[in-house]
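Descriptive analysis of the structure
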Amino acid sequence: MNNKHIRIYLPLTVFIMVALSVGAVKELTHVHQFRTLVSAVSDGVARTVPGYVQGTRRERRSRKGGYRNTVFVDYATPDARLTLKTTVDNEMHTRLYPGKRVVVTYHPDNPRIAVMEGAHDMLGWGRRLAILFMAAGLVICAQLIIYWVFSPVRRLSRDMSQRLG
């Protein structure tokens, strides 16, 4: 590959690497927060408060009839009033309506880390696979950059041209 192509692909690869890094950090932060909440629940320090459904949204995910049911729940802690966005299954979605009271469990140190009782598991296989693929993409981008910067073929051709000249 000549230098012209490297000048085009190197910035593109760096951009893809930055985008994958941001996505991976975001997903890993979400996983860490959820595991912190699970740990707080098992230790008995998590707090529960009533929450109120503000609205629901049903989005079509595929042509085969797969839907994602999103619920927006307002809840209040002693320090703040927050809104939780979560997903639920079809059965629970039919039972929820604006104003319905639900139970919200939150972490006492950070009330933004919360989960609604009966919501989907926030650590599904989709999220885990996304983190895995982003990490694989980062490794591939890093290998490409290392190859382009430290290419032995360019170094060899540079040495040959210096010897001939």
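Quick notes on the rules
Residues numbered from 1 in each chain as written. Predicted model: local features only at pLDDT ≥ 70, side-chain atom pairs only at ≥ 80, totals over all residues. Heavy atoms only, no water. Helix = DSSP H or I, 4+ residues; strand = E, 2+ residues; numbered from the N terminus. Buried < 20%, exposed > 50% of the residue type's maximum accessible area, 1.4 Å probe, protein only. Areas by Shrake-Rupley, 256 points an atom, 1.4 Å probe, with all protein chains shown as cover. pLDDT = per-residue confidence, 0-100. Contact = heavy atoms within 4.5 Å. Core = buried A, V, L, I, M, F, W, Y, C linked by side-chain atoms within 4.5 Å.

Turning to the overall build of the protein, a few remarks are in order. What the protein contains, in helices and strands, is four helices and five strands. Expressed as a percentage of the 165 residues in the protein, the buried residues total 29%. Just so you have it, the protein exposes about 11600 Å², and 59% of that area is on carbon and sulfur atoms.

The next subject is the confidence of the model for the protein. In this model, the protein carries a mean pLDDT of 82, and residues with pLDDT of at least 70 account for 85%. Averaged pLDDT values for the elements of the protein fall to 57 in helix α4 (residues 152-164) and rise to 91 in strand β4 (residues 101-106).

We now examine the environment of V71. The topology assignment puts V71 in strand β2 (residues 67-76). We classify V71 as buried; its relative accessible area is 0%. Placed 13 residues apart in sequence, V71 and L84 show a C-alpha to C-alpha distance of 8.0 Å. Look past the residues within four positions of V71 in its chain and what remains in contact with it is V53, G55, T56, L84, K85, T86, V88, L96 and M116.

Next up on the list: the nonpolar core. Ranked by internal contacts, the top residues of the largest apolar core, which has 16 residues, are V73, L96 and M116. Of all the secondary-structure elements, those providing two or more residues to this core are β1 (47-60), β2, β3 (81-88), β4 and β5 (114-116). For V73, the residues in contact, after removing those within four places along its chain, are G51, Y52, V53, Q54, L82, T83, L84, V102, V104 and M116.

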